[in-house]
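# Observations on the model geometry
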Amino acid sequence: SSALTVQELAEKLNRNASEIIKLLFMMGTMVTINSTLDDETIELVCMEFNVECHKEIIIEESDFEEMMNVEEEDEENLVSRPPVVTIMGHVDHGKTTLLDTIRKTHVTEGEFGGITQHIGAYQVSVKGKKVTFLDTPGHEAFTAMRARGAKVTDLVIIVVAADDGVMPQTKEAVDHAKAAGVPVIVAVNKIDKPNANKDRIMNEMSDLGLLPEAWGGDTIFAEVSAKFGDGVSDLLETILVVSEVENFRANPNKMATGTVIEAKLDKGRGPVTTLLVQNGTLHTGDAVVVGTAFGRVRKMTDDRGREIKEALPSTPVEIIGLNDVPIAGDIFKAFDSEKKARQIAETRLTKRIDQERNSSSAMSLDDLARQI
Ligand code: GDP
Ligand code: MG
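These notes cover the structure that comes with them. From a predicted model like this one, the values you see are computed outputs, not experimental measurements.

Rules behind the numbers
Residues numbered from 1 in each chain as written. Chains lettered and ligands numbered in written order. Predicted model: local features only at pLDDT ≥ 70, side-chain atom pairs only at ≥ 80, totals over all residues. Heavy atoms only, no water. Phe/Tyr/Trp six-rings, centres within 6.5 Å; stacked < 30°, edge-to-face > 60°. Lys NZ or Arg CZ within 6 Å of the ring centre and 35° of its normal. Helix = DSSP H or I, 4+ residues; strand = E, 2+ residues; numbered from the N terminus. Expected span 1.5 Å × (residues − 1). Buried < 20%, exposed > 50% of the residue type's maximum accessible area, 1.4 Å probe, protein only. Arc of directions from axis to C-beta. Core = buried A, V, L, I, M, F, W, Y, C linked by side-chain atoms within 4.5 Å. Contact = heavy atoms within 4.5 Å. Near = heavy atom within 4 Å. Polar contact = N/O pair within 3.5 Å; in protein donor to acceptor, adjacent residues only side chain to side chain. Areas by Shrake-Rupley, 256 points an atom, 1.4 Å probe, with all protein chains shown as cover. Nonpolar A, V, L, I, M, F, W, Y, C, P; charged D, E, K, R; others polar. Pairing = 2+ DSSP bridges. Axes fitted to C-alpha atoms, helices over the stretch in contact; angles between N-to-C directions. Parallel < 35°, antiparallel > 145°, perpendicular 65-115°, else oblique. Left-handed = near helix turned anticlockwise from the far one by under 90°.

## With respect to the packing of aromatic side chains
Here the structure, examined in full by the defined rule, presents one aromatic pair. Looking at K333, its charged tip hangs above the ring of F335, at a distance of 5.5 Å from the centre.

## What to know about helix α6 (residues 168–180)
Taking 1.5 Å per residue, 13 residues should reach 18 Å; α6 reaches 19 Å between its end C-alpha atoms and fits that length. Those residues of α6 that fall on the buried side of the exposure criterion are T170, A173, V174, H176, A177 and A180. Burial along α6 is one-sided: seen end-on, the buried residues are contained in an arc of 160°. α6 presents P168 and A179 as exposed residues on the side facing more than 90 degrees away from its buried surface.

## Thoughts on the nonpolar core
Ranked by size, the top nonpolar core spans 26 residues in total, and within it L9, L13, I20, L37, V45 and F49 carry the most contacts. Counting only elements with at least two residues in this core, the list comes to α1 (6–13), α2 (17–26), α3 (39–48), β16 (287–290) and α9 (338–371). Ranked by residues supplied to this core, first place goes to α3 with five residues. In this structure F49 touches L13, R15, E19, I20 and L23, once residues within four positions along its chain are discounted. One finds V124, V131, V159 and A226 within the second-largest nonpolar core, a separate group that totals 25 residues.

## Points about the site of ligand 1
Within the structure, ligand 1 sits among 15 residues, and D92, K95, T96, T97 and D192 are positioned closest to it. Here an oxygen atom of ligand 1 sits 2.8 Å away from a polar atom, N or O, in the side chain of T96. Within the side chain of S225, an N or O atom sits 3.3 Å from an oxygen atom of ligand 1. Protein contacts shield 75% of the accessible area of ligand 1, which totals 580 Å² for the unbound molecule. Broken down by element, the shell around ligand 1 gets its largest block of residues, three residues, from helix α4 (residues 95–105). For the shell around ligand 1, a count of residues per class yields two nonpolar, seven polar and six charged.

## Describing unusual backbone geometry
Although it is not a glycine, D92 adopts a positive phi angle of roughly 70°. With respect to the secondary-structure elements, D92 resides in the loop between β6 (84–89) and α4. Residues other than glycine seldom take positive phi values, yet K190 does so here, at roughly 60°. Mapped onto the secondary structure, K190 falls in the loop between β10 (184–189) and α7 (198–207).

## Observations regarding the environment of M205
Mapped onto the elements of the fold, M205 is located in helix α7. Between the alpha carbons of M205 and E19 there is a distance of 52 Å; along the sequence they are 186 residues apart. With sequence-adjacent residues up to four places away left out, M205 is seen in contact with I158, V160, V166, T170, V174, V186, L210 and F221.

## Focus on the sheet that holds strand β14 (residues 270–279)
Spatial strand order, β13-β14-β19-β17-β16-β20: six strands in a closed barrel with antiparallel pairing. Within this sheet the neighbouring strands show an average axis-to-axis angle of 45°, counted without direction.

## Brief notes about the packing of α1 against α2
Orientation of α1 relative to α2, taken along the N-to-C sense of each, is 115°, at an axis distance of 8 Å. Taken together, α1 and α2 sit at an angle that is classed as roughly perpendicular. The interaxial crossing formed by α1 with α2 has right-handed handedness. Counted together, V6, Q7, L9, A10 and L13 of α1 and A17, I20 and I21 of α2 form the full contact between these two elements. Classifying every residue of the contact of α1 with α2 gives seven nonpolar, one polar and no charged.

## Quick look at the packing of α2 against α3
How two helices sit against one another is set out by the angle between their axes and by the gap between those axes. At a closest axis distance of 11 Å, the pairing of α2 and α3 adopts a crossing angle of 105°. Between α2 and α3, the angle is such that the two are roughly perpendicular. Taken together, the residues of α3 that come into contact with α2 (itself represented by I20, L23 and L24) are T41, V45 and E48. Partitioning the contact of α2 with α3 into residue classes produces four nonpolar, one polar and one charged.

## Considerations on the environment of N34
Considering the arrangement of structural elements, one finds N34 in the loop between α2 and β2 (36–37). Assessed through its relative accessible area of 58%, N34 is described here as exposed. C-alpha separation for the pair N34 and T292, spaced 258 residues apart in sequence, amounts to 31 Å.

## What to know about the sheet that holds strand β9 (residues 155–161)
If you walk across this open sheet you meet the six strands as β7-β8-β6-β9-β10-β11, and the pairing is mixed. In the strand order of this sheet, the two ends are held by β7 (121–126) and β11 (220–223), each with one partner. On average, adjacent strands in this sheet sit at an angle of 30° to one another, irrespective of strand direction.

Next comes the structure, spelled out in structure tokens:
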């Protein structure tokens, strides 16, 4: 066990012991500087300070997101997980058409009905292997998530219409992918069109630093017709090849962590949230903190609307049971105790309200200054 005293923990976290005492007091636990803290309490304190506690070592990290970081996992706990793919590109170059074609043509064998409901993400099966697509094309969603510190995408497909060429949002997409540090596959779309010009796309993308493999670079260019389906299977197989090289992994044998993809308030069901499980396994009945919301996973459904009991890494699921509607890009974590989940959510909510109050009072001071 990693039992530490309040003082020892404070030193490891580079905090004042009084901050920890105060925090625990707010959560209903009285401690002194010499009190010994159990693992659960240490983890709770770490969470509040956005620091990951890993076994006996406490690793200081700047971001809550790091809880999903598999680099800290023991090698033997890691297993391969499906890639999470985002499709980006200029308007009208065929993002939605490509997502629809993939969804319609690559649902798991033996399944009827396909993916009917929209939960912001879906999974398809390619040669027996799963691939997860974020079904929220549009750079805003991507930018918003990144701004919130969420890293959800493993791989970006940039769609470029072969009859149109590189456009401003194509460049933006390249910048996003570079900033996220994820591999890119270029889908040269609308290859069915008589004026399609693949070489031009390869040239223009090379100018943006994405040199095709065929020309000695390391970017894969896949020719597709999203509308008629040509090349789409090959594109999916290419995703598998890239994923194998990248070796995306996670530890399914722990409480789940991940990110909110979408959330809304449903009149009958209350807050309905699509989560992407990124590490660990989420089960129905688990207590979760989602941003500043909390609750138990009362019911969990997959992208086909089927009720499921557990969700492995890279699985998008829709859950109900939260007390409030979280924000896309919020990070979630499951806990073994609902009490803990509630405490953390409440502390975070207080903090968020404080922040908002501070920023709004700052604004009113500005306003005041302007009036003077
Ligand atoms: P988005 O704005 O990137 O989501 O683009 P859409 O998927 O909405 O496609 C824009 C238009 O291009 C639509 O009219 C599509 O039918 C058409 N389109 C998309 N892919 C192809 C394709 O492979 N071939 C042809 N001929 N048209 C396509
Ligand atoms: Mg679209």
